[in-house]
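Here's the letter readout for the chains.
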Amino acid sequence: MYGAAVSVLEDHPGMSVIGASHTRVSDARRGLAFAVYECKVRMYLMSEPVDVPIDDDVIRLGQFLKLANLIESGSEAKTVIASGLVRVNDEVELRRGRQLQIGDVVTLAGHQARVSV
């Protein structure tokens, strides 16, 4: 299902998929049952990166999401990262402990934050 969302994203550069969901629609006609999956994708224009200073040379992704005010809690970080909604330098990142360095750009829900000093 998220493959469809990625395909849509590739067709629209400068857009960010922040969520995708699907609904199973069933119908029985003439004694035949079939299922159709309807995919809904929400997309937002991406903002310019906001510089977020850190004290050290590196910071973990989950910590940075909170520092940049992209999320409210550590448990929310775990959820959005595991769902594939976070991108680091335009690549989906699934590791909450990913070490970010100065210059890395993190994207979530159309908002971008750059690690800075």
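Everything numeric in this text was worked out from a predicted model, so none of it was measured.

Asks: Go over the overall build of the protein with me, naming the residues and quoting the values.
Replies: When helices and strands are tallied, the protein shows three helices and nine strands. When the elements of the protein are put in sequence order from the N terminus, they spell out α-β-β-β-β-α-α-β-β-β-β-β. Each of the 117 residues in the protein was classed as buried or not, and the buried ones make up 30%. Within the protein, residue pairs in contact and separated by at least 24 positions form 49% of the contacts whose partners lie at least 6 positions apart.

Asks: Account for the nonpolar core, naming residues and giving values.
Replies: Counting 20 residues, the largest nonpolar core has Leu61, Phe64, Leu65, Val86, Leu100, Val106 and Leu108 as its most contacted members. Ignoring any residue separated from it by four or fewer positions in sequence, one finds Leu108 in contact with Leu65, Leu70, Ile71, Val80, Leu85 and Val86.

Asks: Can you break down unusual backbone geometry residue by residue, with the values?
Replies: Phi at Asn89 is positive, roughly 50 degrees, even though this residue is not glycine. As for its position among the elements, Asn89 is in the loop between β5 (87-88) and β6 (91-92). Using a relative accessible area of 36% as the deciding quantity, one classes Asn89 as partly exposed.

Asks: Residues and numbers for the pattern of salt bridges, please.
Replies: The final tally for this structure, using the stated rule, is three salt bridges. Ionic pairing is found between Arg114 and Asp51, a salt bridge with its closest N-O pair at 2.7 Å. Within this pair, whereas Arg114 is found in strand β9 (residues 111-116), its partner Asp51 is found in strand β3 (residues 50-53), the two being separated by 63 residues in sequence. Using a relative accessible area of 28% as the deciding quantity, one classes Arg114 as partly exposed. Relative accessible area serves as the criterion here: at 45%, Asp51 is assigned to the partly exposed category. In this structure, Glu93 engages Arg95 in a salt bridge whose closest nitrogen and oxygen atoms are separated by 2.7 Å. Look at Glu93 and you get buried, because its relative accessible area is 6%.

Asks: Go over the pairing of β9 with me, naming the residues and quoting the values.
Replies: Both β3 and β9 contribute to a ladder of four bridges, which runs parallel. Among the inter-strand pairings, Val52 is bridged to a residue of β9, identified as Val115. Here strand β8 (residues 105-108) folds back onto β9, and the loop between the two strands holds two residues, one of which, Ala109, carries a positive phi near 55 degrees.

Asks: Report on the side chain of Glu93, specifying residues and quantitative values.
Replies: Position of Glu93 relative to the elements: it lies in the loop between β6 and β7 (99-101). A polar contact is formed between the side chain of Glu93 and the side chain of Arg95, at a distance of 2.7 Å.

Asks: An account of helix α3 (residues 74-82) is requested, with residue identities and associated values reported.
Replies: Of the residues making up α3, those classed as buried are Ala77, Val80 and Ile81. Seen along its axis, α3 keeps its buried residues to an arc of 100 degrees; they face one direction. Turned more than 90 degrees off the buried face of α3, the exposed positions are Ser75, Lys78 and Ala82. Just downstream of α3, Gly84 is the residue with a positive phi angle, here 80 degrees.

Asks: A description of the sheet that holds β8 should follow, citing residues and the corresponding values.
Replies: Backbone-to-backbone hydrogen bonds pair the strands of a sheet. The strands run either parallel or antiparallel. Spatial strand order, β3-β9-β8-β5-β6: five strands in an open sheet with mixed pairing. Both outer strands of the open sheet, β3 and β6, are each paired with one neighbouring strand and no more.

Cut-offs applied
Residues numbered from 1 in each chain as written. Predicted model: local features only at pLDDT ≥ 70, side-chain atom pairs only at ≥ 80, totals over all residues. Heavy atoms only, no water. Helix = DSSP H or I, 4+ residues; strand = E, 2+ residues; numbered from the N terminus. Buried < 20%, exposed > 50% of the residue type's maximum accessible area, 1.4 Å probe, protein only. Contact = heavy atoms within 4.5 Å. Core = buried A, V, L, I, M, F, W, Y, C linked by side-chain atoms within 4.5 Å. Salt bridge = Lys/Arg side-chain N within 4 Å of Asp/Glu carboxyl O. Pairing = 2+ DSSP bridges. Polar contact = N/O pair within 3.5 Å; in protein donor to acceptor, adjacent residues only side chain to side chain. Arc of directions from axis to C-beta.

That is the geometry; function is a separate question.
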